[in-house]
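# Reading the structure
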Amino acid sequence: QVQLVESGGGLVQAGGSLRLTCAASGRTFSYYHMGWFRQAPGKEREFVVAVSRSGDSTLYAESVKGRFTISRDNAKNTVYLQMNSLKPEDTAVYYCAADRDSYFPTGRANEYDYWGPGTQVTVSS
């Protein structure tokens, strides 16, 4: 089992940057693919990006390609989401999630076993 806690959210102007951090508890962090999802008010939760157990494979939603970068540090049980060139439409609660069983990193939310409580990101125009 793993517990996840996100941090680093906040208010930023359009064009700005934020770095989200997801800290995981437990000794088996490297067993999990890790993903970031987001949910805007009145909308369904959507996939943002995922990274493989070793960090050598990533999967990005088209809407964030070239602007967001995921990375992980298995020694620190941490995954990061660097968000650049932020847009007002990036405003959402961002969730970190852990996937134990998939062969490859996936964008399907129902494949993820553990979720953090989320952190709010607000981008003003």
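The structure this text deals with has already been given above.
What you see is a predicted model, and the numbers here were worked out from it, not measured in a lab. (Residues numbered from 1 in each chain as written. Predicted model: local features only at pLDDT ≥ 70, side-chain atom pairs only at ≥ 80, totals over all residues. Heavy atoms only, no water.)

Tracing the backbone shows Arg-72 in strand S7 (residues 68-73). For the buried Arg-72, no salt bridge exists, and the shortest N-O distance to an oppositely charged side chain is 8.2 Å, to Asp-73. Looking at Arg-72, its side chain comes within polar contact range of the main-chain oxygen of Tyr-32, at 2.8 Å. At 2.8 Å, the side chain of Arg-72 forms a polar contact with the side chain of Asn-74. Those residues in contact with Arg-72 that sit more than four places away from it in its chain are Phe-29, Ser-30, Tyr-32, His-33, Met-34, Val-51, Ser-52, Arg-53, Ser-54, Gly-55, Thr-78 and Val-79. (Helix = DSSP H or I, 4+ residues; strand = E, 2+ residues; numbered from the N terminus. Buried < 20%, exposed > 50% of the residue type's maximum accessible area, 1.4 Å probe, protein only. Lys, Arg positive; Asp, Glu negative; His and termini not counted. Salt bridge = Lys/Arg side-chain N within 4 Å of Asp/Glu carboxyl O. Polar contact = N/O pair within 3.5 Å; in protein donor to acceptor, adjacent residues only side chain to side chain. Contact = heavy atoms within 4.5 Å.)

As a further point, take the state of the cysteines. Between two cysteines, a covalent bond joining their sulfur atoms is known as a disulfide. All told, the structure shown has one disulfide when counted by the stated rule. The disulfide partner of Cys-22 is Cys-96, and the gap between their sulfur atoms is 2.0 Å. Here the disulfide of Cys-22 and Cys-96 is left-handed, its torsion about the S-S bond being about -80 degrees. In this pair, Cys-22 sits in strand S3 (residues 18-24) while Cys-96 sits in strand S9 (residues 92-99), placing the two residues 74 residues apart along the sequence. (Disulfide = S-S within 2.5 Å.)

It is worth spelling out the environment of Gln-39 at this point. If you trace the backbone, Gln-39 turns up in strand S4 (residues 33-39). On the accessibility criterion, Gln-39 (27% relative accessible area) is partly exposed. Taking the C-alpha atoms as reference points, Gln-39 and Gly-118, separated by 79 residues in sequence, lie 9.4 Å from one another. When neighbours within four sequence positions are excluded, Gln-39 is seen to be in contact with Glu-44, Arg-45, Ala-92, Val-93 and Tyr-95.

This paragraph deals with the pattern of salt bridges. The full count for this structure, using the stated rule, is seven salt bridges. Residues Arg-67 and Asp-90 are paired through a salt bridge, measuring 2.7 Å at the closest nitrogen-oxygen approach. Here Arg-67 is found in the loop between strand S6 (58-60) and S7, whereas its partner Asp-90 is found in the loop between strand S8 (78-83) and S9, with 23 residues between them in sequence. Accessibility classification places Arg-67 together with Asp-90 in one group, the buried group. Salt bridges sharing partners connect three or more residues here, namely Arg-38, Glu-46, Arg-67 and Asp-90.

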